[in-house]
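Spelled out from the first residue to the last, the chains are:
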Amino acid sequence: MNKVEARQKEIQQAEELLFAGPQAVGFAKGLFQGYFVSDWVMPYPRIPATQQAELDKTLIELRQFLGEHLDPAEIDRQADIPRDVIDGLGRVGVLGATAPVEYGGRGFTQMVNCKLLEEIGRRCASTSVFVNAHHSIGIRALLLFGTHEQKQRWLPKLSTGEQLGAFALTEREAGSDAANVQMQAHPTEDGAHFILNGEKRYITNAGIAQVLTVMARTPMPGSDKTAVTAFLITPDMPGFTLLEARMPKLGIRGTATGRFALRDVKVPRENILGPMGKGLKVALTVLDFGRTTFGACCTGAAKTCLQLAVDHANTRKQFNKTLGEFDLVKKKIARMAADAYAMEAMTTITASLIDRGLEDYMIETAMLKVFTTERLWEVVNDVFQIYGGSAYFVDLPLERMLRDARINQIGEGSNEVLTSFIALVGMRGPGMEFKEIYDTVMKPSRDRMSKAWAAGMNRLGAAIRVPDVPVQSEQLRGHARKLGRLIWRFNFAVNRALIIYREPILDMQLVQERIAGAAMDLFASTCVLSRQDAELQFARRNGDSAPLDHSAADLFLRQSFRRIRRFLGGLTDNDDKSMLATANSVLGKPRS
Ligand SMILES: Cc1cc2nc3c(=O)[nH]c(=O)nc-3n(C[C@H](O)[C@H](O)[C@H](O)COP(=O)(O)OP(=O)(O)OC[C@H]3O[C@@H](n4cnc5c(N)ncnc54)[C@H](O)[C@@H]3O)c2cc1C
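Residues numbered from 1 in each chain as written. Predicted model: local features only at pLDDT ≥ 70, side-chain atom pairs only at ≥ 80, totals over all residues. Heavy atoms only, no water.

1. Quick notes on the overall build of the chain
Note the threshold: Only runs of H or I of at least four residues qualify as helices and only runs of E of at least two qualify as strands under DSSP, and these elements are numbered from the N terminus. When we talk radius of gyration, it's over C-alpha atoms, and the globule rule is simply 2.2 Å times the number of residues to the 0.38. Note on exposure labels: buried denotes an accessible area under 20% of the residue type's maximum, exposed denotes more than 50%, and partly exposed covers the range between, all computed with a 1.4 Å probe on protein chains only. The criterion used for residue contact is that any of the two residues' heavy atoms lie within 4.5 Å. The accessible surface values rely on the Shrake-Rupley method and a 1.4 Å probe; as for residues, cover is taken only from the protein chains in view. Charged residues are defined narrowly, with Lys and Arg counted positive, Asp and Glu counted negative, and His plus the chain ends left uncounted. Lysine's charge is taken at NZ, arginine's at CZ, aspartate's at CG and glutamate's at CD.
Scanning the chain for helices and strands turns up 19 helices and ten strands. Computed over the C-alpha atoms, the radius of gyration of the chain is 25 Å, within 12% of the 25 Å expected from 2.2 N^0.38 for a compact globule of 592 residues. On the principal axes, the C-alpha backbone points of the chain span a range of 75 × 65 × 55 Å. Expressed as a percentage of its 592 residues, the buried residues of the chain come to 53%. When contacts within the chain are restricted to residue pairs at least 6 apart in sequence, those whose partners lie at least 24 apart make up 75%. Surface exposure of the chain reaches about 27,400 Å², of which carbon and sulfur atoms provide 54%. In the chain, 74 positive and 67 negative side-chain charges are present, and the distance between their average locations comes to 5 Å.

Right under this line is the structure:
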């Protein structure tokens, strides 16, 4: 296959994967069009009173259970989460939190689920990743795409934790390139079964799960093409071979990350999840949920880091002062507080998009994943520095937290791949409008004219109008106006990049990184502003006279706005050419 054909295939694959079905304009897509789609982000979402009461009760139980039974250091040392901890999480309801009550779950929303995951993420990353692997992704395809019969058969035991789930996409040749799944699934002659062959690696819970959602490549009837399909597999099926139950690793050591092979495993047709050949769509939708709870777990961990940093900075003395009296320590603590506030706001709003039925939230979940995992890495690094030499030793939790946090930037879509994804999927809307206009100019026709006119008016509208960011609190109007102007500048930058670079922008990752970076900070700022507005309004309604301390939110907005300006400025003022030339020289590639 030559380069052009390969590119066409990639585009076709992405189109099939991402853009099938009706598309309501969500917040992120609106942003890329130059609009502020406020309905999805303002007012700040609240958990309905009945669910809040259930959540409060569950949180009390969960905290008590974790306080009494969870020992993160021991889990790390033993590289195992004890069965009684898993059973306890099942009893509290965490392992089937969002599964419908009729299938033995708690019927919670994603917002409630995120609050539970934040609580676990505060204490132990191994445990939160284990819960994610089982509940956010392991049983998610069954929850989202399973038939009533499949749910009835499999979910009751999975919802309570009596059985555990896993999600198996990754293979040697299919890591970031998830579409390149090589595991084969061929139908038997009567079509009643599929025979599966291949290997999966790096699968969380592979060795302890009783039900695995496995992605394999099936022939497409009536064509010579193949496509990925999702199957439910159980390890008692003949031919299921566990190659390694627990691969020794850097962090989240309590999780069982394993490898397995399927050798002529005969799987009944009724174990297919979702439509045949739509396994990649299934996988991406599943990962949307995983990325949302990643945000919650990172928020929990960031809050713990902040608390540890404050405790140490207020007690440890050097040069006759507590560390908290030094500006360079204060700077770290302030940034941690600002980021933790933003991470929580962003997680809450993203989860609410799922709960409120936005059809396509892929960009928002990707933004949440990249943003919160990058922030947590900074936060862990900062608290580590504040503790100095003591952070290095195993009697404190910091070296473990540092090791544990590293997986977040790699798992469930590496941050580089997702950064590119955010920019390209976001720019698709305005890109199509420009294409319409361009094609009409090159080859005018009556049919094209009306579409091009609509596209042109839309682009023009976004270019001349600064979006209104509708906050209710007077004291936030200044920030809201600045955010509106930055969205306008962002839209201008996106349009300019599309006009200047056209199709080659698909390969220009340094441009994509700046556009995605600005979009992420615009989303994060919006979430912070929305949360701050809601808190101020709540205080006003309750007649609170004491001014709220919103210094962390205020700092976040200032720093975020500065980053956005830097990202956008970097589109025209950068060292990209020199950087690429250096990399090409070092990699032994021709200079482009
Ligand atoms: C502890 C752990 C648990 C895991 N659990 C699961 C699980 O439960 N289920 C499952 O299916 N998988 C799981 N994974 C796999 C995980 O999702 C993959 O590791 C991840 O998707 C990256 O794939 P890879 O490791 O093959 O890296 P590669 O695809 O080889 O990528 C390596 C690096 O190359 C860069 N890169 C790759 N592609 C691009 C690109 N297009 N543009 C720019 N840079 C790029 C990125 O920096 C990336 O980090 C787990 C992994 C680990 C380490």
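From this point, the narrative continues.
2. Points about the site of the ligand
The cut-off we apply is this: For this purpose, a residue is taken to be near a molecule or strand whenever a single non-hydrogen atom of the residue falls within 4 Å of it. Any pair of N or O atoms that falls within 3.5 Å is considered a polar contact. Within protein, one atom must be able to donate a hydrogen and the other to accept it, and sequence-neighbouring residues count only if both atoms are side-chain atoms. Gly is placed with the polar residues, together with every amino acid not listed as nonpolar (Ala, Val, Leu, Ile, Met, Phe, Trp, Tyr, Cys and Pro) or charged (Asp, Glu, Lys and Arg).
Around the ligand, the structure places 18 residues, and the nearest of them are Phe167, Thr170, Ser176, Tyr202 and Thr204. Between the ligand and Tyr202, the relevant distance is 2.9 Å, taken from a nitrogen atom to a main-chain nitrogen or oxygen of the residue. Here the ligand loses 66% of its free accessible area of 970 Å² to cover by the protein chains. Secondary-structure elements contributing two or more residues to the shell around the ligand are strand 1 (165-168), strand 3 (193-204) and helix 14 (415-442). With three residues, strand 3 is the single largest residue contributor to the shell around the ligand. Residue composition of the shell around the ligand, by class: nine nonpolar, seven polar and two charged.

3. Re the state of the cysteines
Keep this limit in mind: Any two cysteine sulfur atoms within 2.5 Å of one another count as a disulfide.
Under the defined criterion, the tally for this structure stands at zero disulfides. Its sulfur unpaired, Cys114 is 8.2 Å from the next cysteine sulfur, which belongs to Cys297. Given the relative accessible area of 5%, Cys114 is considered buried. Take Cys298: it sits in no disulfide, and the sulfur closest to it among the cysteines is that of Cys297, at 6.8 Å.

4. Digging into the pattern of salt bridges
Keep this limit in mind: By definition here, a salt bridge exists when the distance from a side-chain nitrogen of Lys or Arg to a carboxyl oxygen of Asp or Glu is within 4 Å.
One pass over the structure, following the stated rule, counts 26 salt bridges. Across the pair Asp360 and Lys29 runs a salt bridge whose closest N-O atoms are separated by 2.7 Å. Placement of the pair is Asp360 in the loop between helix 11 (327-355) and helix 12 (362-387) and Lys29 in helix 2 (residues 27-33), with a sequence separation of 331 residues. Across the pair Arg531 and Glu344 runs a salt bridge whose closest N-O atoms are separated by 3.6 Å. In this pair, Arg531 is assigned in helix 17 (residues 509-541) and Glu344 in helix 11, connecting sequence segments 187 residues apart. Like Arg531, the residue Glu344 is buried in the burial classification. Residues participating in the shared-partner salt-bridge network are Lys115, Glu118, Lys303, Glu344, Arg531 and Glu535.

5. Focus on the packing of aromatic side chains
Rule in force here: Only Phe, Tyr and Trp rings are paired, with Trp represented by its six-membered ring, and only when their centres lie within 6.5 Å; those with planes under 30 degrees apart are stacked, over 60 edge-to-face, the remainder tilted.
Evaluation of the coordinates by the stated rule reveals ten aromatic pairs. Ring geometry for Phe27 versus Phe36: centroids 5.5 Å apart, planes at 90°, classification edge-to-face. Residue class for Phe36 comes out buried when judged on its relative accessible area of 10%. Considering the side-chain rings of Phe371 and Phe556, the 6.0 Å spacing of their centres and the 75° angle between planes classify their relative orientation as edge-to-face.

6. Things to note about a negative patch on the surface
To keep things clear, this is the line we draw: Like charges are joined within 9 Å and nonpolar side chains (Val, Leu, Ile, Met, Phe, Trp, Tyr) within 5 Å, but only among residues with over 30% relative accessible area and no salt bridge; these make up the patches.
A cluster of acidic residues, Glu374, Glu378, Glu416 and Glu513, forms a negative patch at the surface. Following the sequence through the fold, Glu513 ends up in helix 17.

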